[in-house]
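The lines below spell out each chain.
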Amino acid sequence: MLANVAIFGSKTGSAALTYATWNPADKAANISLSGGDLTTTRSGAGPAAVRATIGKSSGKWYWEVKCISTTGVFDIFVGLANTTASLTALPGSDTNGWALALDDGGSYENGFQGFASGGFIAAVNDVFGFAWDADSSTLAIYRNNTVLTPNPLFSTLTGTLFPIIATQGDTTVMTANFGATTMAYTAPGGFNQGLYN
């Protein structure tokens, strides 16, 4: 993994990197974590979210989220949010977050903005890649290594932001990869392969 960091990252040398996970101290009660705090399982009623352990305000970062299973549809919102974003609301419903809805491809930034790539319904084993350029305030999102349009999907991101995932219905299981293990796809040129300190 350090070889990938040397190519894509700004950190080199032998110092150990600390990769992000989902934060067990920064989540709603209806989300449980497993698999080294990378797998989220939702149960109970109402929106529930969890933020990652690492936030950034600069740099270019790439991570992935994979759809594992659902009792219905992947009623998931995934993207970025600041620490003011509520963990019992959907990210992107206000000015504190930016998110893609995986049950219909809707993009949310202070409310619904439109359908990414004309809309879609996520399926088991879909991998969503997030290429966040904090220096340019943009977030491009990929579905199975194909970039969604518009590209970038969001272009007004500001402040220190954290990856976030939220669900509002159905029991869903999702697994994130922030770079501690080999990812499904390679980050776009110039982006760090993962999210780490």
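Residues numbered from 1 in each chain as written. Predicted model: local features only at pLDDT ≥ 70, side-chain atom pairs only at ≥ 80, totals over all residues. Heavy atoms only, no water.

Novice: Looking at this structure, how should I read the packing of aromatic side chains?
Specialist: Here a ring pair, both rings aromatic, is described through the centre-centre distance and the interplanar angle of the planes. Taken as a whole and judged by the stated rule, the model has ten aromatic pairs. Ring geometry for W63 against F130: centres 5.5 Å apart, planes inclined by 10°, an arrangement best described as stacked. One end of the pair, W63, is in strand β5 (residues 60-70); the other, F130, is in strand β10 (residues 127-133), with 67 residues separating them in the sequence. The burial state of W63 is the same as that of F130; both residues are buried. In this structure, K60 is placed above the aromatic ring of F191, and the distance from its NZ or CZ to the ring centre is 5.9 Å. (Phe/Tyr/Trp six-rings, centres within 6.5 Å; stacked < 30°, edge-to-face > 60°. Helix = DSSP H or I, 4+ residues; strand = E, 2+ residues; numbered from the N terminus. Buried < 20%, exposed > 50% of the residue type's maximum accessible area, 1.4 Å probe, protein only. Lys NZ or Arg CZ within 6 Å of the ring centre and 35° of its normal.)

Novice: What exactly am I supposed to notice about the pattern of salt bridges here?
Specialist: Opposite charge on two side chains permits them to pair, given that their charged atoms come into close proximity. Evaluation of the coordinates by the stated rule reveals three salt bridges. Ionic pairing is found between K60 and D133, a salt bridge with its closest N-O pair at 3.9 Å. Note that K60 is positioned in strand β5 and D133 in strand β10, a separation of 73 residues in sequence. Overall, the relative accessible area of 31% leaves K60 in the partly exposed class. In this structure, the salt-bridge partner of R143 is D126, at a minimum N-O distance of 2.8 Å. Of this pair, R143 sits in strand β11 (residues 138-143) while D126 sits in the loop between β9 (112-115) and β10, placing them 17 residues apart in sequence. (Salt bridge = Lys/Arg side-chain N within 4 Å of Asp/Glu carboxyl O.)

Novice: For this particular structure, what's the right way to read the environment of S136?
Specialist: Looking at the element boundaries, S136 is found in the loop between β10 and β11. Residues S136 and Q113, 23 residues apart in the sequence, show an inter-C-alpha distance of 20 Å.

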